[in-house]
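Listed below, chain by chain, are the residues.
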Amino acid sequence: EAAAVPTGVAEFDRVLSGGLVPGSVTLLGGEPGIGKSTLLLQVLVARAAAGHRALLVSAEESAHQVRLRAERLGPVPPSLLILSGTDVTAVHNAVAETAPDLVVVDSIQSVAVGPAVPGERRAAGVPGSVTQVRECADQLVGMAKTNQVATVLVGHVTKDGALAGPRTLEHLVDTVLSFEGDRHHAIRLLRAVKHRFGPTGELGLFEMGDAGLSPVDDPGKLLLGDRLSGVPGGIVLPAMQGTRPLLVELQALVTPMAQAQSKRAAVGLDVARLVMTLAVLGQRAGVDLKDCDVFASVAGGIRVTEPAADLAIALAVSSAASGVSLPADLVALGEVGLAGEIRQVANLPRRLEEAVRMGFARAVVPGSAPP
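Being a predicted model, the structure only gives us computed values, none of them experimental.

Estimates place the volume of the largest pocket at around 740 Å³. Every residue lining the largest pocket is counted, 31 residues in all, and those nearest its centre are Glu31, Ser178, Glu180, Gly181 and Arg303. Of all the secondary-structure elements, those providing two or more residues to the lining of the largest pocket are β1 (25-30), β6 (175-180), β7 (187-195) and β13 (292-298). Ranked by the residues each element gives to the lining of the largest pocket, the list is headed by β6, at 5 residues. The calculated volume of the second largest pocket comes to roughly 430 Å³. The wall of the second largest pocket is formed by 21 residues, among which Leu223, Asp226, Glu249, Gln251 and Ala299 lie closest to the centre. Elements with a contribution of two residues or more to the lining of the second largest pocket: α7 (219-223) and β11 (244-256).

Turning our attention to empty space enclosed by the protein. All chains considered together, the criterion is met by 4 cavities of 30 Å³ or more. Estimated volume of the largest cavity: approximately 40 Å³. Forming the boundary of the largest cavity are Arg227, Leu228, Ser229, Gly230, Val231, Gly234, Ile235, Glu249, Ser325 and Leu326. Class assignment for the residues of the lining of the largest cavity results in 4 nonpolar, 4 polar and 2 charged.

Turning our attention to the sheet that holds β1. Spatially, the 9 strands line up as an open sheet ordered β3-β2-β4-β5-β1-β6-β7-β8-β9, and their pairing is mixed. With partners counted over all chains shown, the strands left at the sheet margins are β3 (80-84) and β9 (212-215), one partner each. Each adjacent strand pair in this sheet contributes to an overall mean axis angle of 25°, direction not counted. Both strand β2 (residues 54-58) and β3 contribute to a ladder of 5 bridges, which runs parallel. Its bridge partner lying in β3, Val57 is registered against Leu83. With respect to the sheet, helix α2 (residues 36-49) is in contact with β1, β2, β3, β4 (102-106), β5 (150-155), β6, β7, β8 (203-209) and β9, its orientation differing from that of β4 by roughly 160°. Running at roughly 160° to β5, helix α5 (residues 130-147) makes contact with β1, β4 and β5 of the sheet.

Rules of the game
Residues numbered from 1 in each chain as written. Predicted model: local features only at pLDDT ≥ 70, side-chain atom pairs only at ≥ 80, totals over all residues. Heavy atoms only, no water. 1 Å grid on protein atoms, 1.4 Å probe; cavity = no way out; pocket = protein on both sides within 12 Å on 5 of 7 lines; lining within 4 Å. Points joined across faces, edges and corners; volume = space filled by probe spheres on them. Helix = DSSP H or I, 4+ residues; strand = E, 2+ residues; numbered from the N terminus. Nonpolar A, V, L, I, M, F, W, Y, C, P; charged D, E, K, R; others polar. Pairing = 2+ DSSP bridges. Axes fitted to C-alpha atoms, helices over the stretch in contact; angles between N-to-C directions. Contact = heavy atoms within 4.5 Å.

Okay, structure coming up:
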């Protein structure tokens, strides 16, 4: 009976293994201004345009503000309803009155249990407090299960990127989505951290534009479009994001040590793996960088943390240190062990197929790789 219903936004449905399940509760987290409200408004518009009744509970913006944004995205379907307010009881009443197929609450930190009513319990604290967030989430989950309506809750994140509020919030819901990206780049990434109705490895890619978020059908062309060939320190890595191979450029810069202690900095990479790879380079390959500052990054705002990036990092750093550029048609992937060996990685054939499709002719792979 838990059959997913497509929302009409392809990348959103990809991450959710087909769409939203009736009665399910999804928590979407992300940094302020990253585009959470825009993404869910597009989902609501697509769902309403398909003939379903959709309800947006806007606790942070007025109905007028939401209307202006919706009109920028395109025509507003008549079956897209909005409730502007913060009272959870009003949400219950609106769902009972309109019987929507999809409810979006933006955001869970802004709604609260209303004034005390005889016979009903009331949570203490202001909206956004731990007690209120837990009580509101509990009531909204109960509403979703009772009415069999798919519900999406928007959640704020803390400075370190974790979802704000009590950790029980993540356990109450069926799905936890993370909407990531650099606000200075157009690329946005949607991934599932928890999903009770399917796998969590899929990745949705969007590009932010004047007309909202548009799906990225061929991310390789977008991520490698501004790549410079013939510059030392750059190499392409076929990374896996869920079941999707994604070609990204790793860049490294090696400079003389500017302070008393050498510096290692990474953007989009695991700093611990960078430091480990540099240690292996110095001990096993004779590339001594103890008197140098090393900077490494993944171009385009993509984050790569898998061990398959070790070999690409090692080659990029060695290229930057020696001043010798790597071939423009070369990709590299493999895990670097502490003994200096190059270990096998998963999904090698799919990665190389994507590299061939993008015009790359050569690859450095582990020696144990299949022919």
